[in-house]
Amino acid sequence: MKHVNLRLPDDLHEQARAAADAADRSLNSWLIAAVRRAVTSGKTPDREGDSATPAPLRGSGHSPRP
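Now for a quick tour of the structure. As the structure is a prediction and not an experimental result, all values here were calculated from the model.

1. Brief notes about the overall build of the chain
Point 1. Each helix and strand in the chain was counted, giving two helices and zero strands.
Point 2. Within the chain, buried positions represent 6% of all 66 residues.
Point 3. Accessible surface for the chain amounts to roughly 6600 Å². Of this, 53% is attributable to carbon and sulfur atoms.

See the structure below:
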């Protein structure tokens, strides 16, 4: 299993937490199900209204490992 650090805007985090609670699931379990639905639906995610901006790259962009 891989670990991913995911930064969500406060409002989106609250909405996801509420949806997970309503589904009687942990936030992690709910997010896994949401990602699984997104990647198996064959649809491209809708970016309309997406206010998220990518985080700036740190370092040279190259892995320190060979």
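2. Re unusual backbone geometry
Point 1. Despite not being glycine, D24 has its phi angle at roughly 55°, a positive value.
Point 2. With respect to the helices, strands and loops of the structure, D24 is situated in the loop between helix 1 (10–22) and helix 2 (27–40).

3. What about helix 2?
Point 1. In this model, helix 2 (14 residues) spans 20 Å end to end at C-alpha, consistent with the 20 Å of a helix rising 1.5 Å per residue.
Point 2. Just beyond helix 2, the residue with positive phi is G42, at close to 80°.

What counts, and at which threshold
Residues numbered from 1 in each chain as written. Predicted model: local features only at pLDDT ≥ 70, side-chain atom pairs only at ≥ 80, totals over all residues. Heavy atoms only, no water. Helix = DSSP H or I, 4+ residues; strand = E, 2+ residues; numbered from the N terminus. Buried < 20%, exposed > 50% of the residue type's maximum accessible area, 1.4 Å probe, protein only. Areas by Shrake-Rupley, 256 points an atom, 1.4 Å probe, with all protein chains shown as cover. Expected span 1.5 Å × (residues − 1).

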